[in-house]
Amino acid sequence: AGVRQALWLTKTQLVPGLPARVLRIAQEPASLLEEHEERLRRAVARARFWDTTEVAPKRENYCPVLFEELLHLCRIMTMKYPSLAKRMLARDYRIAATWERESFLLQVRGLNGILLNSMAPIPPVASRDEVAATAEHTLETFHPILPTIDLQEVTVYRELNDTGKCFRAGYPYAHPHTLYFLESANIRTKRFRPEPLRAKMMMFAFGNALAKAKMLYGNDPKVLEEPIVVQSVGTDGEVFQFMVFQLNTTDLVSSDGIKNIVWIDSDQPLYEKAQCVPEIKKRVVTKPAGIYGLQPDTFKKFLALYLHGTV
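A brief report on the enclosed structure follows. In this text, all values refer to a predicted model and were calculated from it rather than measured experimentally.

What counts and how
Residues numbered from 1 in each chain as written. Predicted model: local features only at pLDDT ≥ 70, side-chain atom pairs only at ≥ 80, totals over all residues. Heavy atoms only, no water. Helix = DSSP H or I, 4+ residues; strand = E, 2+ residues; numbered from the N terminus. Rg over C-alpha atoms; globule rule 2.2 N^0.38 Å. Contact = heavy atoms within 4.5 Å. Areas by Shrake-Rupley, 256 points an atom, 1.4 Å probe, with all protein chains shown as cover. Disulfide = S-S within 2.5 Å. Buried < 20%, exposed > 50% of the residue type's maximum accessible area, 1.4 Å probe, protein only. Pairing = 2+ DSSP bridges. Expected span 1.5 Å × (residues − 1). Phe/Tyr/Trp six-rings, centres within 6.5 Å; stacked < 30°, edge-to-face > 60°. Salt bridge = Lys/Arg side-chain N within 4 Å of Asp/Glu carboxyl O.

## Describing the overall build of the chain
Moving on, step 1. The secondary structure content of the chain amounts to seven helices and 13 strands.
Moving on, step 2. Over its C-alpha atoms the chain spans a radius of gyration of 20 Å, differing by no more than 12% from the 19 Å that the globule rule assigns to 311 residues.
Moving on, step 3. Based on the C-alpha atoms only, the size of the chain along its principal axes is roughly 70 × 45 × 35 Å.
Moving on, step 4. For the chain, contacts bridging at least 24 residues in sequence account for 76% of all contacts bridging at least 6.
Moving on, step 5. Element-wise, carbon and sulfur atoms account for 52% of the exposed surface of the chain, whose accessible area totals about 15600 Å².

## Observations regarding the state of the cysteines
Moving on, step 1. All chains considered together, the criterion is met by zero disulfides.
Moving on, step 2. Cysteine Cys63 is unpaired, with the sulfur of Cys276 as its nearest cysteine sulfur at 15 Å.
Moving on, step 3. Residue Cys74 stays outside any disulfide, its sulfur separated by 15 Å from that of Cys63, the closest cysteine.

## Quick look at the pairing of strand β3 (residues 94–101)
Moving on, step 1. Where burial is concerned, most of β3 is hidden: six out of the eight residues are buried.
Moving on, step 2. The sheet contact formed by β3 and strand β4 (residues 104–111) spans eight bridges and is antiparallel. Counted as the bridge partner of Ile95 is Gly110 from β4.
Moving on, step 3. The hairpin formed by β3 and β4 contains two residues between the paired strands, and Glu102 there has a positive phi angle of roughly 55°.

## Comments concerning helix α4 (residues 59–75)
Spacing of three or four residues puts side chains on the same side of an α-helix, whose turn is 3.6 residues.
Moving on, step 1. Taking 1.5 Å per residue, 17 residues should reach 24 Å; α4 reaches 24 Å between its end C-alpha atoms and fits that length.
Moving on, step 2. Taken residue by residue, α4 has Arg59, Tyr62, Cys63, Val65, Leu66, Phe67, Glu69, Leu70, Leu71, Leu73 and Cys74 as its buried positions.

## Description of helix α6 (residues 194–217)
Moving on, step 1. Its 24 residues give α6 an end-to-end C-alpha distance of 34 Å, which sits within 8% of 34 Å, the value for a rise of 1.5 Å per residue.
Moving on, step 2. Of all 24 residues in α6, 17 are buried, a share of seventy percent or more.

## Here's the deal with unusual backbone geometry
Moving on, step 1. The omega torsion across His143 and Pro144 is 10°, close enough to zero to call that bond cis.
Moving on, step 2. Following the sequence through the fold, Pro144 ends up in the loop between α5 (128–133) and β6 (175–182).
Moving on, step 3. Look at Glu35: it is not a glycine, yet its phi comes out positive at around 50°.
Moving on, step 4. Although it is not a glycine, Glu102 sits at a positive phi angle of roughly 55°.
Moving on, step 5. Along the chain, Glu102 turns up in the loop between β3 and β4.

## So, the packing of aromatic side chains
Moving on, step 1. What the rule picks out here adds up to 10 aromatic pairs.
Moving on, step 2. Arranged with centres 6.4 Å apart and planes meeting at 75°, the rings of Trp8 and Phe104 form a pair that is edge-to-face. Placement of the pair is Trp8 in helix α1 (residues 3–9) and Phe104 in strand β4, with a sequence separation of 96 residues.
Moving on, step 3. Judged by its relative accessible area of 4%, Trp8 falls in the buried class.
Moving on, step 4. Their ring planes at 45° and their centres at 6.2 Å tell us that Phe181 and Phe204 sit as a pair that is tilted. One end of the pair, Phe181, is in strand β6; the other, Phe204, is in helix α6, with 23 residues separating them in the sequence.

## Section: the environment of Leu71
Moving on, step 1. Note that Leu71 resides in helix α4.
Moving on, step 2. With a relative accessible area of 1%, Leu71 lands in the buried category.
Moving on, step 3. For the pair Leu71 and Tyr171, spaced 100 residues apart in the sequence, the C-alpha separation amounts to 23 Å.

## Topic: the pattern of salt bridges
Moving on, step 1. Under the criterion given, the structure shown has 13 salt bridges.
Moving on, step 2. Between Asp267 and Arg198 there is a salt bridge, with its nearest N and O atoms 3.2 Å apart. Of this pair, Asp267 sits in strand β9 (residues 260–269) while Arg198 sits in helix α6, and the two are 69 residues apart along the sequence.
Moving on, step 3. Taking relative accessible area as the criterion, Asp267 reaches 38% and is therefore assigned partly exposed.
Moving on, step 4. Its relative accessible area of 9% is what places Arg198 among the buried residues.
Moving on, step 5. Among the charged side chains, a network of salt bridges with common partners joins Arg48, Arg59, Asp236 and Glu238.

## Some remarks on the environment of Val229
Moving on, step 1. Checked against the element boundaries, Val229 lands in strand β7 (residues 223–235).
Moving on, step 2. Distance in space between the C-alpha atoms of Val229 and Thr249 is 12 Å, their sequence separation being 20 residues.
Moving on, step 3. Apart from residues no more than four positions distant in its own chain, Val229 is found in contact with Ile122, Pro123, Pro124, Val125, Pro176, Val244, Phe245 and Gln246.

Take a look at the structure:
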């Protein structure tokens, strides 16, 4: 059931849209790149037109290139905010996190996308009062259907809470910042569609936050004095999904008490169409090749999540 099921599994309350703090960053003139719209247009054109000799590049090619181009635009802001240099990207990164939910032992593990690490954690987004108010929230149930009906059952020999090679003692970039998921498969049936993608983003953001919390505070279930925030961005090279997850508690067995919080901004297109070859009717070019329907506001959100915790 996508996000609805992920909310129950992680004992989380959903807040539609991005947090006000992130939106303020996206709207502040000081947080924008100079000539940001033209730079964005060139980045999309490089991914869709210039990086290949093919007339129409495949998604498996242009999606990763677009991500790298957008990340490069974000890194330009390091000249204005030097603390952005205290970041590190981890690729082919594996996570394992285990928790109990009612009578179920659950585990999220595996490759979880590209992880941006930071020397400093993202400050909590929700205030203490907002966190306390989550105790009044009622989680949706799936009765009479089990909320774990479609999860893979395996024999668990070790209850792992492992962040792999990242976040070991002494590692300077000790805090998870943002996960990036690239759904770049050419065949549609092999790609996560938007709703399952958002659920995947949420489960792995939760998994990273939970593993970090257990590393910091131990395995005993508790409400965290300092909540842990992990962000997620997902894209198929055209449409973006944005998410901010705040882990408030590791006491997940019962549906009562303090809940975690997730903010989701869904289905944000970066552009309407990349016209690789011109449309010609009766020997007249009716639509030249180029990028149509560019949405700079979507990139502003991408950049705001990158700057979040620094600005």
